[in-house]
Every structure is written in structure tokens, then in C-alpha cells.
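# Observations on the three-dimensional arrangement
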Amino acid sequence: MNASKPETNAPAISLRGFWALIVTQFQGAFSDNALKWLALFLIAEMNLPTEERDRLVAIVGALFAIPFIVFSMAGGFLADRMSKRMVTIGVKLFEIVVMFIALFSLASHHLYITIGCVFLMGVHSAFFGPSKYGLLPELLEPKKLSWGNGIIELTTFLAIILGTVGGGWLCKTFTGQQAWSGVILIALAVIGWFTSLGITKVPAADPTKVFRVNFIADLWSQVKMIRQDRVLWLAVLGNTFFFAIAALIQLLIVSYASDVLHISDPTMSSYLQAATAIGIGLGSFAAGYLSGGKIEYGLVPLGAMGLTFFAALLGRTGTSFAEVAVELSLLGFFGGFFIVPVAALLQHRPSPDQRGGVLAAANLISFIGIFLSSAAFYLFTVTLKMHPPMIFIVIAAITLGCTVWAISLVPDSLVRFVLWLLTHTLYRIRVVGRDKIPEKGGALFVCNHLSFMDACFLIAATDRHVRFIMFKGIYEKWWVKPFASA
């Protein structure tokens, strides 16, 4: 009992540290995307042949993904071996150095050095990711983890919105004087370093952890450990799928705006990126709120179905800019419902001393997916010469297939979705004493009077996960109570 006391008292103190983390990651995500999209818009303004343009776009996407494949396990090692706060401060100092290099490349009009800085910012994010997500369960109570994930996803995608628009604004505003873009990015990096100092001090999770130079062997050992937990392994796969599809759509919007909507203004193109990111941010916030203080992976099928439907809608031709923007935002909204419970599962299920390694492995695998999405973009556009709407149809088909496969493996996710839908529409549910359910092991629910129950179904409880109870009350109303918290 005494061991749990610090956790009970921590949130009141660490909530300030949580918001410092949110501001720090917001700045990092903004600067990442501003630099990346500045490079992409500079490429778009060069009036290159379509194949050459798409080749460079694919290269930029791949260069951003490669560091996550190479360095994620090292980032996970540091997240376990050192205080995650110190890792965060260190990567912000590294970002300042990268932005000085970007200033030089932009001032001297060296496009390929600017693209190299996109790669270095990928290195920055690869080291930051495991610490960023690993800090959430150290700064928040378990019941606030879905809420915290909703906040971090909302602010991340808000940063992506502003960074994408900011990249277009920098490209247009400082035409011929891109050195000013570098100055602004340096100033933002300094602000991010300053806010990182406000993150609550946390101890190292495993100070004795040994570094493995062979990151592939390290990844393989983490994967073997993760696969022992089926739900955790499926969360890793779901995380990879989401970010691979998101990266493919992000690259696809560049050619969609140019070739389908015939938009030449980079600012207008960035608005479509912003619409997608707004949708993901709002969907993430809504999912965190609607999870009701637990990790509700019943929302995953809802998100997947929405992704499928709106990707298929974007496969139509003859649509206006406004229609495409609305459909992209709704696609992103359902993406938020998909990713929030998946991300919360990745943070909650591993033990504290394994969390950094698991998050690093999940990060690395997801960026293998992002890297492959760049290859898929090149295959679809350059090799197969597919029109952007047709690629959206392919995305819808892939999402539908993966959804059916995932539900066949974890059918209770669909049951949980139906129960969640019922408890948020037809029935008024009041859950009392959810915190009494143990974190590990089983729980027995006993009705205090038989007259309150006409029928009761089997309760299955493992790892604080009570499937469901259905009973008929004395007022002849059916109630469905899900006490679900993975």
C-alpha cells in the first residue's frame, strides 16, 4: 500500500511537468514539419518535370523515416537508462545545432543540405519519441492516460497543421531570402529547449541497462518479448499501420493538389495538409474524452471504418477544394479515434523497466512502415503512374482488409465497440468504483440483492479488463456496464 502512495500524490505536482512536455513536443513537431514542408515547397517551386518532382518528394519522405529505423532502439535505451527528462533536454540542444546548419543551407541556397537537415531532424525525433511517450505514464495517473494521449495527439497534430502551413508561409514570405526562415527555426528551437527544463524530474527506469550496438538484434529481442502479449503486439501493428497510411496520404496530398485540383500556390496546398491534421487532432481529443477514464480499444473499429469510408470518398473525381478539405478532415478525425487507444495500450501494458524499449521498438517498426509508404508512393506515382484518386481507393481497400483481419484476431474489440455505442446512445450508465478493479488479476462482482438482477452473464477479468456485465433491473430496463480498462 505504501508503494502506491507516491503515484497517488504525484499528478498534482507533475501536471505542470506534463504541460511543459506538451509545449516542448508541440514546438518540436511544429519545427519538424515547418522544415520538412519548406523543403518540399521549395522543390515544388522549382518547376521540375513531374517524375523528378515526385522522386525528390519520395526522397524527402524516406530521409525523414530512415533515422527512426536506425536510431529508435538507441532512443529507447536512453529512455530506460537515463532520466527521460534529461534525454528530452539533450535532443532539444541537438535541434538548435541542426537549425544552425539549416540556416547556412537556406542562406546559401543548398537544397540538398536542407534536405539533409530534414534527415537530422528525423534523428532528433527518433531519440525524442520513446522519452516523450514514456514520460506520459510517469507524469499521469493510469486513469488519465487516455486523456493525456488525447491531449498529446491533439497538440501534436495542431503543431503539424501550423508547421505545414508555416512551411508554406516561410517559402512564400521569404522568397529569395530564406535565411530568415533559418533564424525563425533557431529561435523556436531555443524556446523548446527552455520549456524542456520545466518537465518534472523523473528517475531513470533502468540505470543498469546495457547498450546493444546491434540494433537489429535489440529490436528482435524486443519483438519476441512484445509478441508474448497479443494485445500489445496488435497495438504495435496498428500503430505501424496508422503512421504508414498517414505518411502516404501526406505525400499524396502534394500531387493531389497539383494534378487533380490544379493548385500551384504552396499555401493552398498546405491547407489540405492542415485539414487532415485538424481532423486527427480533434478526433484524438474526442477519443481521449469519450474513453471515460480508461483505455477503450473498442474505438479502434470505429476509427478504421471511418478511415475506409472517407478514403474511398476521396477516390472520386470532379470534387472541389472545399469538398476535399472536408473529406480529409473527417478522414483525420476517425484516424484520431484509431490511434489514441492504440497509443495508450503501448504505454500502459509494458512494465516500467521495459516501457522505453517497447516504445522504441514500436517507433522503429512504425517508421519502417513510413519508409515503405515513401516506396509505395514512388511505386504508385512513378512506376505504375496511378492517378491520386485511384491511390485513395487502394488505401481504402487496404484499410478495410486490415480491419477485417484485426477484428478476426481480437473479436472482443468489435463487441466493445457495440457496447460502447450502446452505453453512449441508448442507455444512461453510471459507473461507481472503477478504481476498485485491480491492475492485475481477476475481480468478482456480487449483486447485493437478487431482486436487482434477472439475468447475469459471465464476467471475465484479467489485467484490469472486465469484459462486460448485462443485467435487467427492477424497472425493466436493460443496462450494459463495460468496466473495460486494458
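Residues numbered from 1 in each chain as written. Predicted model: local features only at pLDDT ≥ 70, side-chain atom pairs only at ≥ 80, totals over all residues. Heavy atoms only, no water.

## Some points on the overall build of the chain
In terms of regular secondary structure, the chain is built from 14 helices and 2 strands. Residues classed as buried in the chain amount to 55% of the 486 residues present. Of the roughly 21,000 Å² of accessible surface on the chain, 70% is carried by carbon and sulfur atoms. (Helix = DSSP H or I, 4+ residues; strand = E, 2+ residues; numbered from the N terminus. Buried < 20%, exposed > 50% of the residue type's maximum accessible area, 1.4 Å probe, protein only. Areas by Shrake-Rupley, 256 points an atom, 1.4 Å probe, with all protein chains shown as cover.)

## Describing the pattern of salt bridges
Opposite charge on two side chains lets them pair, provided their charged atoms get close. In total, this model carries 3 salt bridges according to the counting rule given. We note a salt bridge from Glu327 to Arg316, for which the minimum N-O separation is 2.1 Å. In this pair, Glu327 sits in helix H11 (residues 321–348) while Arg316 sits in the loop between helix H10 (299–313) and H11, placing the two residues 11 residues apart along the sequence. Classification of Arg316 by relative accessible area gives partly exposed; the value is 33%. (Salt bridge = Lys/Arg side-chain N within 4 Å of Asp/Glu carboxyl O.)

## Description of the environment of Leu140
Within the secondary structure, Leu140 is located in the loop between helix H4 (111–139) and helix H5 (145–173). Each C-alpha atom of the pair Leu140 and Phe18 lies 7.7 Å from the other, and the pair is 122 residues apart in sequence.

## Description of the packing of aromatic side chains
In the structure shown here, the tally under the stated rule is 13 aromatic pairs. An angle of 55° between the planes, with centres 6.2 Å apart, marks the rings of Phe241 and Phe338 as tilted. Note that Phe241 is positioned in helix H8 (residues 230–259) and Phe338 in helix H11, a separation of 97 residues in sequence. With relative accessibility at 16%, the residue Phe241 sits in the buried group. On the numbers, 5.0 Å between centres and 85° between planes, the contact of Phe309 with Phe310 is edge-to-face. What makes Phe310 buried here is its relative accessible area of 11%. A cation over an aromatic ring shows up here: Lys92 above the ring of Phe128, its NZ or CZ 5.8 Å from the ring centre. (Phe/Tyr/Trp six-rings, centres within 6.5 Å; stacked < 30°, edge-to-face > 60°. Lys NZ or Arg CZ within 6 Å of the ring centre and 35° of its normal.)

## Concerning a nonpolar patch on the surface
On the surface, a nonpolar cluster with roughly 240 Å² of combined accessible area is contributed by Ile368, Phe371 and Leu372. With respect to the helices and strands, Phe371 occurs in helix H12 (residues 352–383). Here Phe371 falls in the partly exposed class, since its relative accessible area comes to 30%. (Patch = residues over 30% accessible without salt bridge, like charges linked within 9 Å, V, L, I, M, F, W, Y side chains within 5 Å.)

## Regarding the packing of helix H7 (residues 215–226) against H12
Relative orientation of the contacting elements H7 and H12 amounts to 110°, with a least axis distance of 10 Å. With respect to their mutual orientation, H7 and H12 come out roughly perpendicular. Residues Phe215, Leu219, Gln222, Val223, Met225 and Ile226 of H7 touch H12, and the partners they reach there are Gln354, Gly357, Val358, Ala361, Leu364 and Ile365. Class assignment of the residues belonging to the contact of H7 with H12 gives a composition of 9 nonpolar, 3 polar and no charged. (Axes fitted to C-alpha atoms, helices over the stretch in contact; angles between N-to-C directions. Parallel < 35°, antiparallel > 145°, perpendicular 65-115°, else oblique. Contact = heavy atoms within 4.5 Å. Nonpolar A, V, L, I, M, F, W, Y, C, P; charged D, E, K, R; others polar.)

## Brief notes about the side chain of His124
Secondary-structure assignment places His124 in helix H4. Owing to a relative accessible area of 1%, His124 belongs among the buried residues under this scheme. In this structure the side chain of His124 is engaged in a polar contact, spanning 3.3 Å, whose partner is the side chain of Ser125. (Polar contact = N/O pair within 3.5 Å; in protein donor to acceptor, adjacent residues only side chain to side chain.)

## Quick notes on H11
With 28 residues, H11 extends 41 Å from end C-alpha to end C-alpha; this agrees with the ideal 40 Å at 1.5 Å per step. The buried count for H11 comes to 21 of 28 residues, which makes it a mostly enclosed element. (Expected span 1.5 Å × (residues − 1).)

## Here's the deal with helix H6 (residues 179–196)
The α-helix winds at 3.6 residues per turn, so residues separated by three or four positions along the chain end up facing the same way. Between its terminal C-alpha atoms H6 stretches 26 Å, which fits the 26 Å expected from 18 residues at 1.5 Å a residue. Buried residues of H6: Ser181, Gly182, Leu185, Ile186, Ala189, Gly192, Thr195 and Ser196, and no others.

## What about the confidence of the model for the chain?
In this model, the chain carries an average pLDDT of 77, and 78% of its residues clear a pLDDT of 70 or more. By mean pLDDT, the top-scoring element of the chain is H6 (93), and the lowest-scoring one is strand E2 (residues 478–481) (38). Confidence drops under pLDDT 50 across residues 451–486; counting only partners more than four residues distant or on other chains, this segment forms 102 contacts. (pLDDT = per-residue confidence, 0-100.)

## As for unusual backbone geometry
Positive phi values are uncommon outside glycine, yet His109 reaches one of about 60°. Note that His109 resides in the loop between helix H3 (84–107) and H4. Phi is positive for Lys385, close to 55°, though the residue is something other than glycine. Relative to the elements of secondary structure, Lys385 occurs in the loop between H12 and helix H13 (388–409).

## Some remarks on the side chain of Asp80
On the secondary structure map, Asp80 appears in helix H2 (residues 50–81). A residue is classified by how much of its surface remains accessible, and Asp80, at 0% relative accessible area, is buried. When near neighbours in sequence (up to four residues on either side) are disregarded, Asp80 contacts Ala204, Ala205, Asp206, Pro207, Lys209, Pro352, Asp353, Gln354, Arg355, Gly356 and Gly357.

## Side note on the environment of Tyr256
Tracing the backbone through its elements, the reader meets Tyr256 in helix H8. Note on Tyr256: relative accessible area 2%, which makes it buried. Considering only alpha carbons, one finds Tyr256 and Pro389, 133 residues apart in sequence, at a separation of 7.7 Å. Apart from the residues within four sequence positions on either side, Tyr256 is in contact with Leu261, Leu314, Arg316, Thr319, Val324, Pro388, Pro389 and Phe392.

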